[in-house]
2 protein chains.
Amino acid sequence: MSESRLIYLPLGGAGEIGMNAYVYSVGPEDDERLIVVDLGVTFPDMDGTPGVDLIMADVAWLAERRDRLEAIFITHAHEDHIGALAQLWPKLRVPVYARAFTAHLGRMKMEEAGLDPEEIRTVSAWPETVKAGPFTVGFAPVSHSIPESSGLVIDTPHGRIVHTGDFKLDLSPGVGEPYDEAMWTEIARDGVQALVCDSTNVFSPLPGRSESEIGPGIEELIAAQPGLVAATTFASNIARLKTLAEAGQRAGRSIVLLGRAMRRMVTAGIETGILADFPKVVSPEDAADIPRDHLMLLTSGSQGEHRAATAQLSRGKYLGIELKEGDTFLFSSKTIPGNEKSVIRIVNAFSEMGVDVVDDSGGAYHVSGHANGPDLERFHGVIRPRMLIPMHGEHRHLRAHVRLGEASGLPGVIAPNGTMVDLTGDRPRVVEHIEAGRTYKDGSILIGAFDGIVRDRIRMALNGHVTVTAILEEDEPVGDPWCEVVGLPETGVTGAPLVDVMEEDLSQFLHRADRKTLISDDKLDDAMRRIVRKTASDEIGKKPEVTVVISRLS
Amino acid sequence: MSESRLIYLPLGGAGEIGMNAYVYSVGPEDDERLIVVDLGVTFPDMDGTPGVDLIMADVAWLAERRDRLEAIFITHAHEDHIGALAQLWPKLRVPVYARAFTAHLGRMKMEEAGLDPEEIRTVSAWPETVKAGPFTVGFAPVSHSIPESSGLVIDTPHGRIVHTGDFKLDLSPGVGEPYDEAMWTEIARDGVQALVCDSTNVFSPLPGRSESEIGPGIEELIAAQPGLVAATTFASNIARLKTLAEAGQRAGRSIVLLGRAMRRMVTAGIETGILADFPKVVSPEDAADIPRDHLMLLTSGSQGEHRAATAQLSRGKYLGIELKEGDTFLFSSKTIPGNEKSVIRIVNAFSEMGVDVVDDSGGAYHVSGHANGPDLERFHGVIRPRMLIPMHGEHRHLRAHVRLGEASGLPGVIAPNGTMVDLTGDRPRVVEHIEAGRTYKDGSILIGAFDGIVRDRIRMALNGHVTVTAILEEDEPVGDPWCEVVGLPETGVTGAPLVDVMEEDLSQFLHRADRKTLISDDKLDDAMRRIVRKTASDEIGKKPEVTVVISRLS
């Protein structure tokens, strides 16, 4: 039997920002005991995943080893860390550990999926720990943009791992625990084998700013506005909601929460005791009786999500409330790459209404939830690990983060999804690559990214679709073949109807085809498909997707 | 007969950045003589226009009045100003005027489309003018990011219009004419009725920087690199190509041009005498014999275009050249909103190769080609028009630009596409709204944005497609109906094949249907479509697009 080793294996979240899922294992090769940290989602787009609802890591590798899987740990309740829990849990079926606020939201997800919420177990903050096979895991509080975010302190027979989760070094985060350097120094005192570390903001060259710095500016902004003020941020950023609501309250305004996600998060905050002192909110109905210059809306959908409150307000009324000339809308948020067009569409719609839009271009009304370059360096210095494994970043972030570590003599490795890294020795050692796929939630079904289903949909979106029908009896054509098109122009360059030209060409072919062709469905299918694509290419400059239906009467 | 008036009517480019097309008319209502300024394109995306090749203004309104159209004027050779010329010219068939470099590229477009290049007529710079009906039009040089960009000085019986085109106030633009305030002061001396003005950078709060400012920093960057250096920018930004190539040359490197667009632009620059002193370039083949640290590539595709040289290099070799660990890639460009994901994909691919990517995040390696807020104010002050019409901007830009003018007492109006504005009086007056549509080049065919063709393709991308076939003889079903699916999962929540469940449900329906249903193609089509959508919704949580094919044997 081979020697025991300590393995790190990202299945998601390394080489991308999203769908976090990290495996750790301890034991001899092929007999390791495993835990998984986070089960998150990433969001689809029209470019690569039209019609898909959610994207998550493929956990087939993990499911095959389910008998050796000890537990799932969730660092915090952002969707890219917890969003796939209810989808993937049935494949894994082991206990899930999280702190109270995260567990609260996890249970709601399990219930909505018809699963047992009691599979989610609440753990208190470090120094409390959970034993899971050879692992002992504690939830050490970090500051981030959602309450009770935690770094994991993972003790193994091969030493201690610090897995940061998402974090920043905020000394006064408003809601949640401040960065506690004394605690981390104590955690690191006896040596840390590996620091597995958030890389999101590695390119930000200045130390991060605190949540507490933006409140006064927001209050000043609100106080100066003559009309209604609305503001959006991530619904889960409860600290920001509080910052915004308190600034509004100090500026003499009543607070209205618009959007399911926003109400759900504030409720979760109140129920778990995190948000005891949130300003009193009024209902959208009661808002009608309050003068506009005494109102402040907090709206969901800072990324331009089509169905969220922000987008709905940009299209007209939402729960009876409407923005007007002289009102102000604040984006207290950063637009995630890929969402620019949706956000800009909303800004222009507000512009058409005469609403002034204030965004974060100057950095005055938003701070990030992730540690910047200098903060990462500082944290490396506090933990002083033997090795650094950057995670939670695209390849460029991981690469820059490895460099940052190397600059102070810290050995590191770029380990994108599927890279199995042995953490046992003096420095990280890549031992294997496994195929790290993606699973799509597509309607109510989980499908694989490489199943070809979405690829076929993309092809229809680009090329349109033609159905060809032909009927044969005793291997002789009955009548003429015909075509139905979807997503193609009616007439081609010759001016004739596209369908007529295709049917004419198909008919000529079919009535001249030899017996060997006519008796073979494959040959007919292939030939008619080629004719349709060739004719369409000549007529409209496009080669459509084709479904050939051959019916044989008997 | 009504009095003569001067009308401004944007058909494209106002309320968006792209597909510029502006109409001016002079004369009594319904008997105006018209000119059009610019015929540009905007680019499609998967979100709204999958499979579309180009998007341009719908010129139906103009085509209906073709007998009263005098001429087309093109301000400069950027695709968003000239890209639709060859597509739309056949609908308009009037002379096209442009300066030499623009005309050169316009003729190439006409030739490629099989049209007569001699329809494009070359005009020298202001004070030369062209007479077109009641209009007298001069091309006054402005600085921008492509050579021979011009503002138009349009004299009419109702006074002078200054139509800026795209412009900035660059006193040393490298290639092309510097900003000439004396010329503009002279042009404005006897009064300008309306300033129709670029709004792209109205939100930029600092005065714009000159092209000449970035050369030294680029040279310093290149000189410090140990390996090959590649750089990308817009191919049409000949001044930048020269800035980059000269910096490379001074740093002791041979220049290689990669990409058809890049070679085409440099050739056009040389042929029209604009680029007489461009550094000598070596061919990709000869580059193989030059040490990597003596090479500099200029590559097309700064926006992440999939087939351009930059993207191809990020995927592997291009014309025998390959980037490696230790090489450097510079984006001397700004990423246009919507292109972030494509650009980031390339950056990560380079990161995987070990190539260091330098972007313009600090503003050190790129300057914009458009006038910033303070520059616009300065230009308003030079022209001192009676009224301001902001163009070349989304609604938010137009709105901010109107405000900027109003702040110094200049009356303006927000006039998005389709807004007919009377410029005759003391201030702009909106007199009518026409429907301003979009035309898509889709393969080789021009289709309308509202034809439903692209909508159907988007639906197939989101929902998949099912073909249902049923055969009837004398109003009785022959055999069972069957289904073919594209872009849908094979099995549903029950675990049974989706096609089997749908066929079973269709079969039950068909064999129980009454005669009234069976004799009606419409009723059968409708019923079977509903069954397929209902069954799919139950099985896979999606309602697919359905094509029903009913064959009746006779």
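Residues numbered from 1 in each chain as written. Chains lettered and ligands numbered in written order. Predicted model: local features only at pLDDT ≥ 70, side-chain atom pairs only at ≥ 80, totals over all residues. Heavy atoms only, no water.

Asker: An account of the domain arrangement of chain A is needed here, citing residue identities and associated values.
Answerer: If you check the domain split of chain A, you get domain 1 (5–206 + 368–448), domain 2 (215–358) and domain 3 (464–553). Relative placement of domain 1 of chain A and domain 3 of chain A: their C-alpha centres are 53 Å apart. (Domains from an automatic or database assignment.)

Asker: Tell me about the interface of chain A and chain B, residues and numbers included.
Answerer: Each partner contributes to the interface: chain A provides 61 residues, whereas chain B provides 60 residues. Counting each side, the surface lost to burial between chain A and chain B is near 5100 Å², with a carbon and sulfur contribution of 62%. On inspection of chain A and its partner chain B, the count reaches 8 salt bridges. Residues Asp 356 of chain A and Arg 399 of chain B are paired through a salt bridge, measuring 3.1 Å at the closest nitrogen-oxygen approach. Counting across the chain A and chain B interface gives 34 residue pairs in polar contact (both at pLDDT 80 or more). (Contact = heavy atoms within 4.5 Å. Buried area = accessible area lost by both parts, 1.4 Å probe. Salt bridge = Lys/Arg side-chain N within 4 Å of Asp/Glu carboxyl O. Polar contact = N/O pair within 3.5 Å; in protein donor to acceptor, adjacent residues only side chain to side chain.)

Asker: Which residues make up the layout of surface pockets, and what values do they have?
Answerer: Roughly 220 Å³ of volume is contained in the second largest pocket. Around the second largest pocket, the lining is made up of 16 residues, and of these Ile 453 of chain A together with Val 485, Leu 488, Pro 489 and Glu 490 of chain B lie nearest the centre. Listed by contribution, the elements that provide at least two residues to the lining of the second largest pocket are strand S26 (445–448) and helix H14 (453–463) of chain A together with strand S28 (476–486) and helix H15 (498–512) of chain B. With 3 residues, the top contributor of residues to the lining of the second largest pocket is S26 of chain A. Classifying every residue of the lining of the second largest pocket gives 10 nonpolar, 3 polar and 3 charged. (1 Å grid on protein atoms, 1.4 Å probe; cavity = no way out; pocket = protein on both sides within 12 Å on 5 of 7 lines; lining within 4 Å. Points joined across faces, edges and corners; volume = space filled by probe spheres on them. Helix = DSSP H or I, 4+ residues; strand = E, 2+ residues; numbered from the N terminus. Nonpolar A, V, L, I, M, F, W, Y, C, P; charged D, E, K, R; others polar.)

Asker: Mind laying out the relation of the copies chain A and chain B, listing which residues take part and the relevant values?
Answerer: Put simply, the second copy of the chain is the first one after a rotation about an axis and a shift along it. Between the two copies, chain A and chain B, the superposition gives an RMSD of 0.1 Å; the rotation angle is 180° and the shift along the axis is 0.0 Å. Given the turn and translation reported, the copies of this chain are related as if by a two-fold rotation axis. Taken together, the interface assignments show that 98% of the residues at the interface of chain A recur at the interface of chain B, consistent with an identical surface on both copies. (Least-squares fit on C-alpha atoms with pLDDT ≥ 70 in both.)

Asker: Before we move on, could you go through empty space enclosed by the protein and cite the residues and values that matter?
Answerer: Using the criterion set out here, one finds 5 cavities of 30 Å³ or more in the structure. Roughly 80 Å³ of internal volume is contained in the largest cavity. Surrounding the largest cavity, 13 residues form its lining, His 144, Ser 145, Lys 168, Asp 170 and Glu 211 of chain B being those nearest its centre. By residue class, the composition of the lining of the largest cavity is 3 nonpolar, 6 polar and 4 charged. Three or more residues apiece are contributed to the lining of the largest cavity by two domains, here domain 1 (5–206 + 368–448) and domain 2 (215–358) of chain B. In this structure, the second largest cavity spans a volume of roughly 70 Å³. Lining the second largest cavity are His 144, Ser 145, Lys 168, Asp 170, Pro 173, Glu 211, Asn 237, Ala 239, Arg 240, Val 367, Ser 368 and Gly 369 of chain A. Class assignment for the residues of the lining of the second largest cavity results in 3 nonpolar, 5 polar and 4 charged. Lining the lining of the second largest cavity are residues from two domains, each supplying at least three of them: domain 1 (5–206 + 368–448) and domain 2 (215–358) of chain A.

Asker: Any chance you could break down helix H5 (residues 181–188) of chain A for me, citing the residues and the numbers?
Answerer: In an α-helix, one turn spans 3.6 residues; hence positions three or four apart end up facing the same way. Residue and element names in this part refer to chain A. Among all positions in H5, only Met 183, Trp 184, Ile 187 and Ala 188 are buried. Each buried residue of H5 sits inside an arc of 130° when the element is viewed along its axis, so together they form one side. Where H5 is buried, its residues contact strand S11 (135–141), strand S12 (150–156), strand S13 (159–163), strand S14 (192–198) and helix H12 (373–383). (Buried < 20%, exposed > 50% of the residue type's maximum accessible area, 1.4 Å probe, protein only. Arc of directions from axis to C-beta.)

Asker: Kindly report on the confidence of the model for chain A, identifying the contributing residues and their values.
Answerer: Residues with a pLDDT of 70 or more make up 100% of chain A, whose mean pLDDT is 95. The ipTM, which scores confidence in the relative placement of chains, is 0.94 for this predicted complex, and the corresponding pTM is 0.94. (pLDDT = per-residue confidence, 0-100.)

Asker: Pulling in residues and values, what's your account of a negative patch on the surface?
Answerer: Residue and element names in this part refer to chain A. Residues Glu 29, Asp 30, Asp 31 and Glu 432 make up a contiguous surface patch of negative charge. Tracing the backbone shows Asp 30 in the loop between strand S3 (21–27) and strand S4 (33–37). Taking relative accessible area as the criterion, Asp 30 reaches 58% and is therefore assigned exposed. (Patch = residues over 30% accessible without salt bridge, like charges linked within 9 Å, V, L, I, M, F, W, Y side chains within 5 Å. Areas by Shrake-Rupley, 256 points an atom, 1.4 Å probe, with all protein chains shown as cover. Lys, Arg positive; Asp, Glu negative; His and termini not counted. Charge placed at Lys NZ, Arg CZ, Asp CG, Glu CD.)

Asker: Now, about the packing of aromatic side chains: what can you tell me, with residues and values included?
Answerer: Residue and element names in this part refer to chain A. Under the criterion given, the structure shown has 18 aromatic pairs over all chains. A centroid spacing of 4.8 Å and a plane angle of 50° characterise the contact between Phe 167 and Phe 379, whose relative ring orientation is tilted. Here Phe 167, found in the loop between S13 and H5, pairs with Phe 379, found in helix H12; they are 212 residues apart in sequence, far enough to count as distant. Neither residue differs from the other here; Phe 167 and Phe 379 are each classed as buried. (Phe/Tyr/Trp six-rings, centres within 6.5 Å; stacked < 30°, edge-to-face > 60°.)

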